[in-house]
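One letter stands for each residue in the lines below.
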Amino acid sequence: MTRLVFIEPSGNRCEIDAADGESVMQAATAKGIAGIDAECGGSCMCATCHCLVVDAVNPLPDMQSAEADTLEFTAHQMHDNSRLTCQLTVTPTMDGTVFQVIGR
Ligand code: FES
(Lines give C-alpha, C1' and ligand atoms only; values in the text may rest on other atoms or scores of the structure.)
Protein backbone atom coordinates (compact mmCIF):
# COMPACT_ATOMS: atom_id res chain seq x y z
CA MET A 1 0.00 0.00 0.00
CA THR A 2 1.09 3.51 -0.78
CA ARG A 3 0.04 6.54 1.25
CA LEU A 4 -1.40 9.41 -0.81
CA VAL A 5 -2.57 12.77 0.47
CA PHE A 6 -5.40 14.81 -1.06
CA ILE A 7 -6.36 18.38 -0.27
CA GLU A 8 -10.03 18.62 -1.15
CA PRO A 9 -11.55 21.81 -2.62
CA SER A 10 -12.82 22.71 0.87
CA GLY A 11 -9.26 22.61 2.21
CA ASN A 12 -9.85 19.33 4.04
CA ARG A 13 -6.70 17.17 4.04
CA CYS A 14 -7.21 13.42 3.61
CA GLU A 15 -4.63 10.65 3.74
CA ILE A 16 -5.48 7.36 2.10
CA ASP A 17 -3.81 4.01 1.52
CA ALA A 18 -3.78 3.16 -2.19
CA ALA A 19 -3.15 -0.23 -3.75
CA ASP A 20 -0.16 -0.37 -6.04
CA GLY A 21 -1.27 -0.84 -9.64
CA GLU A 22 -4.57 1.03 -9.42
CA SER A 23 -4.86 4.57 -10.72
CA VAL A 24 -4.64 7.50 -8.34
CA MET A 25 -8.17 8.41 -9.46
CA GLN A 26 -9.48 4.93 -8.59
CA ALA A 27 -7.87 5.11 -5.17
CA ALA A 28 -9.31 8.56 -4.53
CA THR A 29 -12.85 7.80 -5.65
CA ALA A 30 -12.91 4.53 -3.70
CA LYS A 31 -12.15 6.53 -0.57
CA GLY A 32 -14.68 9.24 -1.38
CA ILE A 33 -12.27 12.09 -1.94
CA ALA A 34 -14.38 15.16 -2.74
CA GLY A 35 -13.99 16.89 -6.09
CA ILE A 36 -12.79 13.93 -8.16
CA ASP A 37 -15.84 13.04 -10.24
CA ALA A 38 -14.08 10.90 -12.90
CA GLU A 39 -17.04 11.19 -15.25
CA CYS A 40 -15.35 9.31 -18.11
CA GLY A 41 -14.28 6.45 -15.86
CA GLY A 42 -10.58 6.95 -16.51
CA SER A 43 -10.61 7.27 -20.29
CA CYS A 44 -8.65 10.54 -20.29
CA MET A 45 -11.58 12.45 -21.80
CA CYS A 46 -13.29 14.52 -19.08
CA ALA A 47 -10.60 16.10 -16.88
CA THR A 48 -12.86 15.79 -13.84
CA CYS A 49 -9.99 13.99 -12.10
CA HIS A 50 -7.68 17.01 -12.49
CA CYS A 51 -5.34 17.63 -9.55
CA LEU A 52 -2.24 19.68 -8.88
CA VAL A 53 0.77 17.79 -7.55
CA VAL A 54 1.85 20.06 -4.72
CA ASP A 55 4.46 17.79 -3.14
CA ALA A 56 6.19 14.67 -4.41
CA VAL A 57 9.22 12.92 -2.94
CA ASN A 58 10.01 11.35 -6.31
CA PRO A 59 9.26 12.59 -9.82
CA LEU A 60 6.04 11.27 -11.32
CA PRO A 61 6.01 9.56 -14.74
CA ASP A 62 6.07 11.89 -17.69
CA MET A 63 2.75 13.05 -19.08
CA GLN A 64 1.68 11.40 -22.33
CA SER A 65 0.23 13.41 -25.21
CA ALA A 66 -3.39 12.30 -24.61
CA GLU A 67 -3.27 13.60 -21.04
CA ALA A 68 -1.71 16.89 -22.14
CA ASP A 69 -4.32 17.33 -24.87
CA THR A 70 -7.21 16.76 -22.45
CA LEU A 71 -5.74 19.13 -19.87
CA GLU A 72 -5.29 21.81 -22.51
CA PHE A 73 -9.03 21.89 -23.18
CA THR A 74 -10.30 21.56 -19.61
CA ALA A 75 -12.49 24.29 -18.14
CA HIS A 76 -9.87 24.85 -15.45
CA GLN A 77 -6.53 26.37 -16.28
CA MET A 78 -3.68 23.91 -16.73
CA HIS A 79 -0.68 24.49 -14.47
CA ASP A 80 2.88 23.16 -14.62
CA ASN A 81 1.98 20.68 -11.87
CA SER A 82 -1.41 19.65 -13.33
CA ARG A 83 -2.09 15.94 -13.78
CA LEU A 84 -5.08 13.80 -14.61
CA THR A 85 -5.10 11.33 -11.76
CA CYS A 86 -6.67 8.61 -13.92
CA GLN A 87 -3.43 8.57 -15.90
CA LEU A 88 -1.20 8.00 -12.86
CA THR A 89 -0.64 4.44 -11.66
CA VAL A 90 0.06 4.07 -7.96
CA THR A 91 3.57 2.84 -7.20
CA PRO A 92 5.54 2.72 -3.95
CA THR A 93 7.68 5.65 -5.16
CA MET A 94 4.57 7.86 -4.87
CA ASP A 95 4.38 7.39 -1.11
CA GLY A 96 3.59 10.72 0.52
CA THR A 97 2.66 12.53 -2.70
CA VAL A 98 0.25 15.39 -2.07
CA PHE A 99 -2.50 16.22 -4.59
CA GLN A 100 -4.58 19.42 -4.56
CA VAL A 101 -7.99 18.55 -5.97
CA ILE A 102 -9.22 21.11 -8.50
CA GLY A 103 -12.92 20.23 -8.27
CA ARG A 104 -15.53 22.26 -10.15
S1 FES B 1 -11.44 10.35 -15.21
FE2 FES B 1 -11.91 11.42 -17.02
S3 FES B 1 -10.01 12.29 -17.59
FE4 FES B 1 -9.55 11.23 -15.75
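That block above? That's the structure.
As the structure is a computational prediction, the values presented were derived from the model and not from experiment.

(A) Representation of the environment of methionine 45 within the structure. With respect to the element layout, methionine 45 can be found in the loop between α1 (24-30) and β3 (50-55). As for methionine 45 and leucine 84, which are separated by 39 residues in sequence, their C-alpha atoms are 9.8 Å apart. Setting aside anything within four residues of it in sequence, one finds methionine 45 in contact with Cys40 and Thr70.

(B) Structural view of the sheet that holds strand β1 (residues 2-7). Taken in spatial order, the 5 strands make up an open sheet running β2-β1-β5-β3-β4, and their pairing is mixed. The sheet is open, and its two edges are formed by β2 (13-18) and β4 (82-84), each paired on a single side. Each strand axis lies, on average, 35 degrees off the axis of its neighbour in the sheet, ignoring direction. Where β3 meets strand β5 (residues 98-101), 4 bridges bridge the pair, whose relative direction is antiparallel. Across the sheet, valine 53 pairs through a bridge with phenylalanine 99, a residue of β5.

(C) Looking closely at the side chain of threonine 70. Among the secondary structure elements, threonine 70 is positioned in helix α2 (residues 65-72). Given the relative accessible area of 14%, threonine 70 is considered buried. Among the polar contacts listed, one links the side chain of threonine 70 to the backbone oxygen of cysteine 44, at a separation of 2.7 Å. Residue contacts for threonine 70: discarding those within four places in its chain leaves Cys44, Met45, Cys46, Ala47 and Leu84.

(D) Structural view of the pairing of β1. Within β1, 5 of the 6 residues are buried, which leaves the element mostly enclosed by the surrounding structure. Counting the residues between successive antiparallel strands, the hairpin from β1 to β2 contains 5 residues, one of them, glycine 11, with a positive phi of roughly 100 degrees. Two elements, β1 and β5, share 3 bridges in a ladder whose sense is parallel. Residue pairing for β5: isoleucine 7 is matched across the bridge by glutamine 100.

(E) Quick peek at the nonpolar core. By size, the foremost hydrophobic cluster in this structure holds 26 residues, and its most contacted members are Leu4, Phe6, Val24, Ile33, Ile36, Leu84 and Phe99. If you list the elements that add at least two residues to this core, you get β1, β2, α1, β3 and β5. Among the elements that line this core, the one with the most residues is α1, at 4 residues. Sequence-distant contacts of isoleucine 36, defined by excluding residues within four places in its chain, comprise Phe6, Met25, Ala28, Thr29, Thr48, Cys49, Cys51, Thr85 and Val101.

(F) How the structure looks around the side chain of threonine 2. If you trace the backbone, threonine 2 turns up in strand β1. Exposure remark for threonine 2: the relative accessible area of 1% places this residue in the buried category. At a separation of 2.5 Å, a polar atom in the side chain of threonine 2 contacts the side chain of aspartate 20.

(G) Region of interest: the environment of arginine 83. Inspection of the secondary structure puts arginine 83 in strand β4. Side-chain polar atoms of arginine 83 contact the side chain of glutamate 67, separated by 2.9 Å.

The rules behind each value
Numbering of residues begins from 1 in every chain and follows the order in which that chain's sequence is written. Local features in this predicted model are restricted to residues whose pLDDT is 70 or higher, and side-chain atom pairs enter the listing and the counts only when it is 80 or higher, whereas totals over whole chains, interfaces and linings include all residues. Hydrogen atoms and water are omitted, and side-chain values are computed over all heavy atoms in the structure. Secondary structure elements are defined from DSSP: runs of H or I of at least 4 residues count as helices, runs of E of at least 2 residues count as strands, and each element is numbered from the N terminus. Contacts were defined at the residue level, with two residues in contact if any of their heavy atoms lie within 4.5 Å. Strands qualify as paired when DSSP identifies two bridges or more between them. Interaxial angles span 0 to 180 degrees and are taken between N-to-C directions of axes, which are lines fitted to C-alpha atoms, for helices over the stretch in contact. When a residue's accessible area, from a 1.4 Å probe over protein chains only, is under 20% of the maximum for its type it is buried; when over 50% it is exposed; and in between it is partly exposed. Here a polar contact is recorded for every N or O atom pair within 3.5 Å, except that within protein the pair must consist of a potential hydrogen donor and a potential acceptor, and residues adjacent in sequence are included only if both atoms are side-chain atoms. What we call a nonpolar core is a set of buried Ala, Val, Leu, Ile, Met, Phe, Trp, Tyr and Cys residues that are connected through their side-chain atoms within 4.5 Å.

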